[in-house]
Amino acid sequence: MSRFIVVRKKKPAFSFHLDQKAMYVNLLLIIALIIGIIFSIGLGSIQIPVADVLKVLLGWGESTYEIVVLNLRLPRIVVSIMVGASLAVSGAILQALIRNPLASPDLIGTTTGATAAAVAFITFTDGTYSIHWMPLIALLGGLFTASLTYLAAWRKGMSPFRLALIGVSISSGMGALTVFFMLASPLQKAQQALGWMTGTVYGSAWQHVVTLLPWTLAFLLLACHQIRHLNAQELGDDVAQGIGMPIEKKRLSLIAISVALAGAAVGIAGGISFVGLMAPHMARKLVGSSYGALLPASGILGAMFVLLADLAARTLFVPLDIPAGVFTAAIGAPFFMYLLYKSRNG
Amino acid sequence: MDSLLSNRLQKSVVLLVAMILLVIAMISSVLFGLHNFDLSTVVTAYTSFDGGNDHLIIKHTRVPRAITAAVVGSSLAVAGVLLQSLTRNPLADSSIMGVNAGAAFTIVLALYLFGSVFSFTDMMWIGFLGAGVTAVLVYLLGSAGRGGMIPIKLMLSGAAVAAFTSSLTSLLMLVDSKSMEDAMYWLMGSVSGRDLKHAAMITPYLLCGWVVAWLMARSLNLMALGDDVAISMGQKTVWVKATVIFVAVLLSGGSVALAGPIGFVGIIIPHMCRFIIGIDHRWLIIYSAVLGALFLVTADLLSRFLLMPEEVPVGVATAVVGVPFVISLVRRRAYE
């Protein structure tokens, strides 16, 4: 029996093979995520026993618990999961395209552009427009900046290296613009902007879930649909072209998926760091680098980190509700260092 | 690899021009700002100091600032060259060794534990120490296991350690906001408000760094061919790598202690220099040192005029000067 399971349609619109070991790892990750969700629902300023959590989820819980779980905790948890998965998958895609381990959604300016737009919105509009426009503004900022990077890097075709260098420059330009906006605005607005930039899922409601879910789901599925192209991209332009891939077209559509995912995540939750860069690497250590297993593993790991980070952020320093962005690295980095150390001879 | 300048004469002449520009930029940095002076005032500030406002500003604000900017700019650029060739990654700069995050963390931790009892000099040494310790940690983690220091392991452990320490930094700052105003001043990254004695304390270390970096140029050229070739040519790669990392940490740790975290210079200046003179490290290191200094001095000068009478952080000005320039440079070449 082969180690791999091949998933392929007759006329291949998608095709990948799954390493069986990687599948078990992914299964374990999913179970871990579900356990994480249940604990995350139970813990907080009101403790809810596991049995009651399950009851509420199945629809016959006590009404006091029901309010806490359904109105406060669950939307926040769902948003964390979507944000984490989006950022991680976005990072995994960019690492394949740019073929640089330091690539993350920051690199082509998505997150920095979104941040600049959001900070401009906070500081300049002075509350004349509803704060509900913010995710859209941030998303547009991210899309605009990423397109700018892409266009500036295009010269008779694309080179990943040029894309990366120009991305770094435009990103730091957007960073400078953000600082500039904050300096040019009153202190109170600047503090609000700073809180947003750290990244938080505080105050997420079902309304956010409903806005974000179709978008995230659509692009995550699209990303899974492109797995074979990701595998080809990672081999280098020449090889990818050699096996018959329309390389520029695919690169553009993959970048678009990555930008759409990261832009929406940043729009809802602000600049949550580390997940987009590190979750794909952790996944690589766990399941290897074939994207059929890597992409889901990245997504699940990313979701788990933001989930746990938010759990830590709202329970550890009660009554302070610290932005989740502070904890993504505090939780993720030690785990990553452990993986790095464990696989030191690999 | 074709570059703008091909022969030694051209390279030397352009280097000379760049040096002259650097001197002009430093003099302008002393002369222009919210108050403008003329050259004779500057001279008399040193020949016959009268204790007046003008002379005080020149001696205690402008001159230290110009010198700090030049020293920090060239150190960051040289550290960038070293780390980019060590890791063979064009996106590497001093932040991949975790020095910025480490220095920031130790300073904030010290303020958290002991309150604001530190002078700027104390903070500088605490930052230097933190940068060093973090870099050692990154190096150990990056070179554990078979095969020793492999670039990818080093970069990943650097990114992880940096992310971890900076998340601890923001946690401390959010939990205890009172003493953090002191830290903010340093965390913003700036070349102003430093006294000449601070620059004088750090500069000897940086000077050693520059000299050793330049002496390493041949080894770096060899290392660029890949580990296998370098070993077969008789290079002791482990020692070369360790020295390169040590020098890079010395340079970037010293800069971050003196001026706080300043980004962009370390990544971009080495690339600009490669466009101009190619990949020979013997030239690359000198060019990076001169152009890095020129770049940061110019950016600092500009930072005074962007939001006059307020000053913007020098990081904003580096982006304003650098981004359009880099994009036009990068677009001029075909890759791969």
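Residues numbered from 1 in each chain as written. Chains lettered and ligands numbered in written order. Predicted model: local features only at pLDDT ≥ 70, side-chain atom pairs only at ≥ 80, totals over all residues. Heavy atoms only, no water.

**Remarks on the overall build of chain B**
Here is step 1 of the chain: The number of helices and strands found in chain B is 14 helices and 0 strands.
Here is step 2 of the chain: What you see in chain B, going N to C, is helices and strands ordered as α-α-α-α-α-α-α-α-α-α-α-α-α-α.
Here is step 3 of the chain: By the compact-globule yardstick of 20 Å for 336 residues, chain B fits well, its C-alpha radius of gyration being 20 Å.
Here is step 4 of the chain: In terms of overall dimensions, chain B has C-alpha extents of about 65 × 55 × 35 Å along its principal axes.
Here is step 5 of the chain: Across the 336 residues of chain B, 57% fall into the buried class.
Here is step 6 of the chain: Approximately 14000 Å² of chain B is accessible, and the part contributed by carbon and sulfur atoms is 69%. (Helix = DSSP H or I, 4+ residues; strand = E, 2+ residues; numbered from the N terminus. Rg over C-alpha atoms; globule rule 2.2 N^0.38 Å. Buried < 20%, exposed > 50% of the residue type's maximum accessible area, 1.4 Å probe, protein only. Areas by Shrake-Rupley, 256 points an atom, 1.4 Å probe, with all protein chains shown as cover.)

**Examining the confidence of the model for chain A**
Should pLDDT be low for a region, the predicted coordinates there are not to be read in detail.
Here is step 1 of the chain: Mean pLDDT for chain A: 84, with 96% of residues reaching 70 or above.
Here is step 2 of the chain: Mean pLDDT across the secondary structure elements of chain A bottoms out at strand S2 (residues 15–19) of chain A, with 71, and peaks at helix H13 (residues 291–315) of chain A, with 91. (pLDDT = per-residue confidence, 0-100.)

**With respect to the environment of B:Ser28**
Here is step 1 of the chain: If you trace the backbone, B:Ser28 turns up in helix H1 (residues 8–31).
Here is step 2 of the chain: For the pair B:Ser28 and B:Leu301, spaced 273 residues apart in the sequence, the C-alpha separation amounts to 7.8 Å.

**Quick notes on empty space enclosed by the protein**
Residues and elements named next belong to chain B.
Here is step 1 of the chain: Enumeration according to the criterion identifies 3 cavities of 30 Å³ or more in this entry.
Here is step 2 of the chain: The space that makes up the largest cavity amounts to roughly 60 Å³.
Here is step 3 of the chain: Contributing to the lining of the largest cavity are Val-72, Leu-76, Asp-93, Ser-94, Asn-100, Ser-252, Ser-255, Val-256, Ala-259, Gly-260, Pro-261 and Ile-262.
Here is step 4 of the chain: Contributions of two or more residues to the lining of the largest cavity are made by helix H3 (53–87) and helix H11 (237–259). (1 Å grid on protein atoms, 1.4 Å probe; cavity = no way out; pocket = protein on both sides within 12 Å on 5 of 7 lines; lining within 4 Å. Points joined across faces, edges and corners; volume = space filled by probe spheres on them.)

**What about the environment of B:Leu225?**
All names here are of chain B.
Here is step 1 of the chain: The residue Leu-225 is located in the loop between helix H9 (217–223) and helix H10 (227–232) in this model.
Here is step 2 of the chain: Given the relative accessible area of 54%, Leu-225 is considered exposed.
Here is step 3 of the chain: Along the chain, Leu-225 and Thr-318 lie 93 residues apart, while their C-alpha atoms are 32 Å from each other.

**Looking at unusual backbone geometry**
Here is step 1 of the chain: For A:Arg99, which is not a glycine, the phi torsion comes out positive at approximately 55 degrees.
Here is step 2 of the chain: With respect to the helices and strands, A:Arg99 occurs in the loop between helix H3 (63–98) and helix H4 (110–125).
Here is step 3 of the chain: You will see that B:Phe264, though not glycine, has its phi angle at about 75 degrees, which is positive.
Here is step 4 of the chain: If you trace the backbone, B:Phe264 turns up in the loop between H11 and helix H12 (265–277).

**Focus: the pattern of salt bridges**
Opposite charge on two side chains permits pairing when their charged atoms draw close.
Here is step 1 of the chain: Under the defined criterion, the tally for this structure stands at 11 salt bridges over all chains.
Here is step 2 of the chain: Notably, a salt bridge pairs A:Arg251 with A:Glu248, separated by 3.5 Å at the nearest N-O pair. Placement of both A:Arg251 and A:Glu248 in helix H11 (residues 247–269) is noted, with a separation of 3 residues, approximately one turn of the helix.
Here is step 3 of the chain: What makes A:Arg251 buried here is its relative accessible area of 2%.
Here is step 4 of the chain: On the accessibility criterion, A:Glu248 (24% relative accessible area) is partly exposed.
Here is step 5 of the chain: The salt bridge partner of B:Asp227 is B:Lys241, with a shortest N-O separation of 2.8 Å. (Salt bridge = Lys/Arg side-chain N within 4 Å of Asp/Glu carboxyl O.)

**Quick notes on the packing of aromatic side chains**
All names here are of chain B.
Here is step 1 of the chain: Throughout the structure, instances matching the rule amount to 8 aromatic pairs over all chains.
Here is step 2 of the chain: With 5.7 Å between their ring centres and 85 degrees between their planes, Phe-128 and Tyr-205 make a pair best called edge-to-face. Residue Phe-128 is found in helix H5 (residues 120–143), and its partner Tyr-205 is found in helix H8 (residues 196–215); the two are separated by 77 residues along the sequence.
Here is step 3 of the chain: For Phe-128, a relative accessible area of 13% puts it in the buried group.
Here is step 4 of the chain: Connected via pairs of aromatic rings, a cluster forms that spans Trp-125, Phe-128 and Tyr-205.
Here is step 5 of the chain: Directly above the ring of Phe-49 sits Lys-59, whose terminal nitrogen or CZ lies 4.7 Å from the centroid. (Phe/Tyr/Trp six-rings, centres within 6.5 Å; stacked < 30°, edge-to-face > 60°. Lys NZ or Arg CZ within 6 Å of the ring centre and 35° of its normal.)

**Brief notes about the packing of H12(B) against helix H13 (residues 281–303) of chain B**
All names here are of chain B.
Here is step 1 of the chain: For the pair H12 and H13, the least separation of the axes is 9 Å and the interaxial angle reads 125 degrees. Taken together, H12 and H13 sit at an angle that is classed as oblique. Like other packed secondary-structure pairs, H12 and H13 cross with a definite hand, here right-handed. Counted together, Val-265, Ile-269, Pro-270, Cys-273, Arg-274, Ile-276 and Ile-277 of H12 and Trp-283, Leu-284, Tyr-287, Ser-288, Leu-291, Gly-292, Phe-295 and Leu-296 of H13 form the full contact between these two elements.
Here is step 2 of the chain: Classifying every residue of the contact of H12 with H13 by side-chain character gives 12 nonpolar, 2 polar and 1 charged. (Axes fitted to C-alpha atoms, helices over the stretch in contact; angles between N-to-C directions. Parallel < 35°, antiparallel > 145°, perpendicular 65-115°, else oblique. Left-handed = near helix turned anticlockwise from the far one by under 90°. Contact = heavy atoms within 4.5 Å. Nonpolar A, V, L, I, M, F, W, Y, C, P; charged D, E, K, R; others polar.)

**Here we look at the environment of A:Trp133**
Residue and element names in this part refer to chain A.
Here is step 1 of the chain: Among the structural elements, Trp-133 can be located in the loop between H4 and helix H5 (134–153).
Here is step 2 of the chain: Since its relative accessible area comes to 48%, Trp-133 is described here as partly exposed.
Here is step 3 of the chain: C-alpha of Trp-133 to C-alpha of Leu-72: the two residues are 61 residues apart in sequence and 22 Å apart in space.

**Observations regarding the interface of chain B and chain A**
A common way to report how large an interface is uses the accessible area buried once the components associate.
Here is step 1 of the chain: In this assembly, 43 residues from chain B lie in contact with 45 residues from chain A.
Here is step 2 of the chain: For the pair chain B and chain A, the summed buried surface comes to about 3900 Å²; carbon and sulfur atoms form 79% of the total.
Here is step 3 of the chain: Summed over the shared surface of chain B and chain A, the result is 0 salt bridges.
Here is step 4 of the chain: At the junction of chain B and chain A, the tally comes to 2 residue pairs in polar contact (both at pLDDT 80 or more).
Here is step 5 of the chain: Of all the secondary structure elements, the ones that give two or more residues to the side of chain B that touches chain A are helix H6 (151–175), H12 and helix H14 (314–331) of chain B.
Here is step 6 of the chain: Counted by class, the side of chain B that touches chain A contains 30 nonpolar, 7 polar and 6 charged residues. (Buried area = accessible area lost by both parts, 1.4 Å probe. Polar contact = N/O pair within 3.5 Å; in protein donor to acceptor, adjacent residues only side chain to side chain.)

**Some words on the layout of surface pockets**
All names here are of chain A.
Here is step 1 of the chain: By volume, the second largest pocket is sized at about 620 Å³.
Here is step 2 of the chain: Around the second largest pocket sit 23 residues that line it, and Met-134, Pro-135, His-208, Gly-267 and Ile-268 are the ones nearest its centre.
Here is step 3 of the chain: Contributions of two or more residues to the lining of the second largest pocket are made by H5, helix H7 (187–198), helix H8 (206–225) and H11.
Here is step 4 of the chain: No other element matches the 5 residues that H8 contributes to the lining of the second largest pocket.

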